[in-house]
There are 2 protein chains.
Amino acid sequence: MTPERYDRIRKTLEMRQPDLTVITDEVYKPHNLAAIARTCDAVGIPKIHCVWPRDRYRLKTAATAGSSDWIEVQTHADIETGIRELQDKGVKVVAAHLTDRAIDYRDYDFTQPTALLMGTEKEGVSDVASDMADEHLIIPMRGMVQSFNVSVAAAIILNEAHYQRQAAGMYDAQRLPDEWFDRLLFEWCQP
Amino acid sequence: MTPERYDRIRKTLEMRQPDLTVITDEVYKPHNLAAIARTCDAVGIPKIHCVWPRDRYRLKTAATAGSSDWIEVQTHADIETGIRELQDKGVKVVAAHLTDRAIDYRDYDFTQPTALLMGTEKEGVSDVASDMADEHLIIPMRGMVQSFNVSVAAAIILNEAHYQRQAAGMYDAQRLPDEWFDRLLFEWCQP
Ligand SMILES: C[S@@+](CC[C@H](N)C(=O)[O-])C[C@H]1O[C@@H](n2cnc3c(N)ncnc32)[C@H](O)[C@@H]1O
Ligand SMILES: C[S@@+](CC[C@H](N)C(=O)[O-])C[C@H]1O[C@@H](n2cnc3c(N)ncnc32)[C@H](O)[C@@H]1O
């Protein structure tokens, strides 16, 4: 490991945001999960939460999502358990979801502890997740197609979270607890 | 065709932006091209420009990209021809490209006639495209991975173009020339 590499790893860890995450509600296409994980890394999200589809895609998708070297993946048995666990820790769960109660994603305050919930490719956010979510967010569209690709929608919203947190100075000093920071530093420095 | 559907088609066409487009420099994965076309529809882009890879992916990718019902695709023999044709019409070609001369994409004025150039999945923007581009744009990142997925990067930048044009009132009155508008209206109303 070169000193430059070590330095880059430390600097990246110093910008990680323990109170920003994504929770996927049966998103199953490997390329979508991979693109979401890559965007999470880019905006400083250390860990994501996933509920796998109940069908034959389960194993395949779980394998792919775990393949990201820089993002930790916590699996939940079902979306209800995942959302409740986050909310019990004081994290707001906001669903990217095209409903009447949805607000423009730029009007949400992303400096709060937040989990962005993304719906599955075909059916979108499940009813139980929709009901439990603290807020619904919408990205305005002007075309004939009714929704964005799921990894595209996640990126547009996470990029907004990135800028809000940057403006609030949240990338300027270490935010990961020491124990988590040291564990990741150790793991990322392994050859 | 219901009156509601006809109305929706007209309203969408009234927001189409003839002077905003994307040009892909050998992007070849079908799901990426599909996601890019879908985002273009969402921000009101009527037509995109594509240069297909020179290898075995050529036919497969060309087929997929053409499958979007709402976006026209113009193919160019090579990227040089594509860029020159756009620039000759007074369109600025701005490459999403991580170089030293790149500016933050939010500092570019997207109300100008603009073609956003996206590089291929592995190698990125080609040298000739990089040289010919009027501007290089970068999306700041804070992670270990060096780039976003190409359809994600396109969406983040096009979403910014969307808001700039919205603020400038560019979606408030028909901008397509009548001939183009009428042709699309006719085509979209076919069963
Ligand atoms: C392909 S969409 C699912 C579409 C589904 N037919 C629906 O109506 O929800 C997959 C996910 O992407 C997100 N998404 C896509 N477009 C969005 C938009 N304009 N605003 C908010 N979220 C969006 C949502 O999380 C959605 O569940
Ligand atoms: C996967 S990237 C190519 C990566 C390639 N190794 C490189 O260095 O250019 C595919 C395309 O996405 C766009 N892209 C990805 N991340 C970007 C960023 N942070 N800023 C600007 N464009 C980006 C560029 O057009 C790039 O050519």
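Refer to the preceding data block for the structure.
Residues numbered from 1 in each chain as written. Chains lettered and ligands numbered in written order. Predicted model: local features only at pLDDT ≥ 70, side-chain atom pairs only at ≥ 80, totals over all residues. Heavy atoms only, no water.

Student: I'd love a proper account of the interface of chain B and chain A, names of residues and values included.
Tutor: On the side of chain A, 36 residues touch chain B, which itself brings 36 residues to the contact. Summing the contributions of chain B and of chain A, the shared interface buries around 3400 Å²; its carbon and sulfur component is 57%. Considering only the surface of chain B that becomes buried against chain A, Arg 38, Arg 142 and Met 144 of chain B emerge as the three largest contributors, covering 28% of it. Taken together, chain B and chain A are joined by 23 residue pairs in polar contact (both at pLDDT 80 or more). Breaking the side of chain B that touches chain A down by element, the ones donating at least two residues are α1 (3-15), α2 (30-43) and α6 (150-167) of chain B. (Contact = heavy atoms within 4.5 Å. Buried area = accessible area lost by both parts, 1.4 Å probe. Polar contact = N/O pair within 3.5 Å; in protein donor to acceptor, adjacent residues only side chain to side chain. Helix = DSSP H or I, 4+ residues; strand = E, 2+ residues; numbered from the N terminus.)

Student: Can you explain the site of ligand 1? Please cite residues and give values.
Tutor: The environment of ligand 1 is made up of 20 residues, and the closest members are Ala 96, Gly 119, Ile 139 and Phe 148 of chain A together with Arg 38 of chain B. Among the chains of the assembly, those with residues near ligand 1 are chains A and B. Contact distances for ligand 1 include 2.9 Å between a nitrogen atom and a backbone N or O atom of Ile 139 of chain A. Separating a nitrogen atom of ligand 1 from a backbone N or O atom of Phe 148 of chain A is a distance of 3.0 Å. Protein contacts shield 86% of the accessible area of ligand 1, which totals 560 Å² for the unbound molecule. Class assignment of the residues belonging to the shell around ligand 1 gives a composition of eleven nonpolar, five polar and four charged. (Near = heavy atom within 4 Å. Areas by Shrake-Rupley, 256 points an atom, 1.4 Å probe, with all protein chains shown as cover. Nonpolar A, V, L, I, M, F, W, Y, C, P; charged D, E, K, R; others polar.)

Student: Please give an account of the packing of aromatic side chains that cites residues and values.
Tutor: Enumeration according to the criterion identifies four aromatic pairs over all chains in this entry. Relative to Trp 188 of chain A, the ring of Trp 70 of chain A lies with its centre 4.9 Å away and its plane at 80°, an arrangement referred to as edge-to-face. In this pair, Trp 70 of chain A sits in the loop between α3 (58-65) and β3 (72-75) while Trp 188 of chain A sits in helix α7 (residues 178-188), placing the two residues 118 residues apart along the sequence. Assigned by exposure class, Trp 70 of chain A and Trp 188 of chain A land together as buried. Directly above the aromatic system of Tyr 163 of chain B lies the positively charged group of Arg 106 of chain A, at a separation of 3.5 Å from the ring centroid. When the ring centre of Tyr 171 of chain B is taken as origin, the NZ or CZ atom of Arg 142 of chain A, which lies over that ring, is 3.9 Å away. (Phe/Tyr/Trp six-rings, centres within 6.5 Å; stacked < 30°, edge-to-face > 60°. Buried < 20%, exposed > 50% of the residue type's maximum accessible area, 1.4 Å probe, protein only. Lys NZ or Arg CZ within 6 Å of the ring centre and 35° of its normal.)

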